[in-house]
Amino acid sequence: MQTYPQPISSKLPNVGTTIFTVMSRLAAEHNAINLSQGFPDFDCAPELRELFCKYINSGLNQYPPMAGIIGLREAIAEKMQSLYGAVYDPEHEITVTPGATYAIFTAVTAFVSPGDEVILFEPAYDSYAPAVEVNGGKPVYVQLRYPDYSIDWEAVKNAITPKTRMMIINTPNNPTASVFSAEDLRMLESVLRDTNIVVASDEVYEHLIYDGHQHQSVARYPGLAERSFVVNSFGKTYAVTGWKMGYALAPKNLMMEFRKVHQFNAFVSNSPVQYAFADYMKNKDAYLSLAAFYQKKRDFFLQGLNGSRFKPLPSRGTFFQNLAYDAISDERDTDLAVRLTKENGIASIPVSVFYREPPPHKVLRFCFAKSDETLARGAEILRKL
Ligand SMILES: Cc1ncc(COP(=O)(O)O)c(C=O)c1O
């Protein structure tokens, strides 16, 4: 093994191995039920696998167009129109990307220069702040209000300065499982009016929304759509996180800058996967049925927790259920998550890791995108604590 002989001045000095890797590794070592990382433990639809194989076998294995194959971009445009009444031009306003995280990173890289400020809501998905920092930007945090994780709009207004270049939002929200309301989106529209702030709206859980709530895409609001990247993930929607495929939508002049960065980074996204999704998206039921499917899983997990000392916080969207453990332990959530994995055989994610300076809340995040058998076994362990 060789070692670089000079000192390294890291561009991300505070970034280590993510908690997801740490917890999944620990879960495997201790043979624990893994409700930590956010991905399904069941396979995707067989038709989708067959389509992928079909297009590999039919030789569509070379570089596709930089923005994605047109059939897929058209299918995305049609879906945005039918769900949100939003018109996106497949030619200029839609780009297929290797995942949603990549799309957010690309949008940030295209618009954030050294010294620019980017507003993030805390707790925040862990890729946002490093994407800002590696581009020389400064994350400015607005904390969601515990325990309902609602938005303090006065705090948002106060966070905006002449240096604010961007805002990253995420609804339905990881890790809080909260969702933005129509009123939130109207507030956002009004707060951003007359600013030059670009929004990156991470909507990867758009279909995972429960109890009759409606997904509030920025695409529904003209005053937001005109300044926003809508970012989405095929991986989350179709239970194929390992295929790493997503997309971004934005007005042409924003998308032009995005594509300048994309074409010199990944340049294209996996070709046969795109053909497979272009066909599979015709089956609207595959995504329209997801809310009922995951709500059932959430309710099954919650039912299993009946009588537990864990207190469930509302899960209105995503495939996460947060549980407050004030009644069980005084430990820090990071310590408890490790102890439960080692001693009780169940892995979760401590919500404090999604904060830069964690508040003293006692909350663990559990992923319910798992088989009923796994959820039943997990709930049984938790009920006894
Ligand atoms: C809020 C959020 N955005 C993006 C992603 C990742 O999406 P992708 O795998 O398509 O990059 C995740 C995955 O956990 C997520 O929770």
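Quick caveat, the model's predicted, so the values are computed rather than measured. (Residues numbered from 1 in each chain as written. Predicted model: local features only at pLDDT ≥ 70, side-chain atom pairs only at ≥ 80, totals over all residues. Heavy atoms only, no water.)

Peer 1: Explain the site of the ligand to me, using residue names and the numbers behind them.
Peer 2: Around the ligand lies a shell of 13 residues, among which Thr101, Asp202, Tyr205, Ser233 and Lys244 are the nearest. Within the contact set of the ligand, an oxygen atom lies 2.7 Å away from a side-chain nitrogen or oxygen of threonine 101. Here a nitrogen atom of the ligand sits 2.6 Å away from a polar atom, N or O, in the side chain of aspartate 202. Protein chains bury 92% of the 400 Å² of accessible surface belonging to the ligand in isolation. (Near = heavy atom within 4 Å. Polar contact = N/O pair within 3.5 Å; in protein donor to acceptor, adjacent residues only side chain to side chain. Areas by Shrake-Rupley, 256 points an atom, 1.4 Å probe, with all protein chains shown as cover.)

Peer 1: Can you explain the sheet that holds strand β2 (residues 94-97)? Please cite residues and give values.
Peer 2: Pairing is mixed across the open sheet formed by seven strands, whose spatial order is β2-β8-β7-β6-β5-β3-β4. Edge positions in the sheet fall to β2 and β4 (138-143), since each of these pairs with one other strand and no more. Adjacent strand axes in the sheet meet at a mean angle of 20° when their direction is disregarded. By the bridge criterion, four bridges tie strand β3 (residues 117-122) to strand β5 (residues 164-170) in an arrangement that is parallel. Bridging across to β5, leucine 120 finds its partner in isoleucine 168. Against the sheet, helix α3 (residues 70-84) touches β2, β7 (228-233) and β8 (246-249), its axis set at about 115° to β2. (Pairing = 2+ DSSP bridges. Helix = DSSP H or I, 4+ residues; strand = E, 2+ residues; numbered from the N terminus. Axes fitted to C-alpha atoms, helices over the stretch in contact; angles between N-to-C directions. Contact = heavy atoms within 4.5 Å.)

Peer 1: Which residues make up the packing of helix α2 (residues 46-57) against helix α11 (residues 271-280), and what values go with them?
Peer 2: At their nearest, the axes of α2 and α11 sit 8 Å apart, and the two run at 135° to each other. One element, α2, and the other, α11, form an angle in the oblique class. When you trace α2 past α11, the crossing you get is right-handed. Mapping the contact onto sequence places Glu47, Leu48, Leu51, Phe52, Lys54, Tyr55 and Ile56 in α2 and Pro272, Val273, Tyr275, Ala276, Phe277, Asp279 and Tyr280 in α11. When grouped by side-chain class, the residues that make up the contact of α2 with α11 number 11 nonpolar, no polar and three charged. (Parallel < 35°, antiparallel > 145°, perpendicular 65-115°, else oblique. Left-handed = near helix turned anticlockwise from the far one by under 90°. Nonpolar A, V, L, I, M, F, W, Y, C, P; charged D, E, K, R; others polar.)

Peer 1: Explain the side chain of asparagine 174 to me, and be specific about the residues and the numbers.
Peer 2: Examined against the element boundaries, asparagine 174 turns out to sit in the loop between β5 and α7 (182-192). By relative accessible area, asparagine 174 is classed as buried at 5%. Within the structure, asparagine 174 has its side chain in polar contact with the side chain of arginine 365 (distance 2.7 Å). Apart from residues no more than four positions distant in its own chain, asparagine 174 is found in contact with Ala124, Tyr125, Tyr205, Thr318, Phe320, Phe354 and Arg365. (Buried < 20%, exposed > 50% of the residue type's maximum accessible area, 1.4 Å probe, protein only.)

Peer 1: Tell me about the sheet that holds strand β9 (residues 311-312), and name the residues and values.
Peer 2: Read from one edge of the open sheet, four strands run β9-β10-β13-β12, paired in antiparallel fashion. Of all the strands in the sheet, just β9 and β12 (349-350) have a single pairing partner and so form its edges. For β12 and strand β13 (residues 363-367), the ladder comprises two bridges, and the chain directions are antiparallel. Pairing of isoleucine 349 across the sheet is with arginine 365, part of β13.

Peer 1: Can you explain α3? Please cite residues and give values.
Peer 2: Turn by turn, an α-helix covers 3.6 residues, leaving residues three or four places apart pointing in a common direction. Across its 15 residues, α3 extends 21 Å between first and last C-alpha, which sits within 8% of the 21 Å expected from 1.5 Å per residue. Buried residues of α3: Leu72, Arg73, Ala75, Ile76, Ala77, Lys79, Met80 and Tyr84, and no others. Following α3 by one or two positions, glycine 85 has its phi on the positive side, about 65°. (Expected span 1.5 Å × (residues − 1).)

Peer 1: How would you summarise the nonpolar core if you had to cite specific residues and measurements?
Peer 2: Ile76, Phe229, Tyr238 and Phe277 are the most contacted members of the largest nonpolar core, which has 123 residues in total. Beyond its immediate sequence surroundings of up to four residues, phenylalanine 229 is in contact with Ala107, Phe111, Val198, Val199, Ala200, Ser201, Leu249, Ala250, Leu254, Met255 and Phe258. (Core = buried A, V, L, I, M, F, W, Y, C linked by side-chain atoms within 4.5 Å.)

Peer 1: Can you lay out the packing of aromatic side chains for me, pointing to particular residues and giving the numbers?
Peer 2: Inspection of every chain in the model, using the stated rule, returns 25 aromatic pairs. Measuring from centroid to centroid gives 5.2 Å for phenylalanine 234 and tyrosine 247, while their planes differ by 55°, and the two rings are tilted. Of this pair, phenylalanine 234 sits in helix α9 (residues 234-237) while tyrosine 247 is found in strand β8, placing the two residues 13 residues apart along the sequence. Both residues of the pair, phenylalanine 234 and tyrosine 247, count as buried. Ring-pair connections join several aromatic residues into one group, and the members of that group are Phe52, Phe234, Tyr238, Trp243, Tyr247, Phe277 and Tyr280. The residue whose ring lies beneath lysine 79 is tyrosine 287, and the NZ or CZ to ring-centre distance is 4.2 Å. Above the ring of phenylalanine 39, the side-chain terminus of lysine 370 is found at 4.6 Å from the ring centroid. (Phe/Tyr/Trp six-rings, centres within 6.5 Å; stacked < 30°, edge-to-face > 60°. Lys NZ or Arg CZ within 6 Å of the ring centre and 35° of its normal.)

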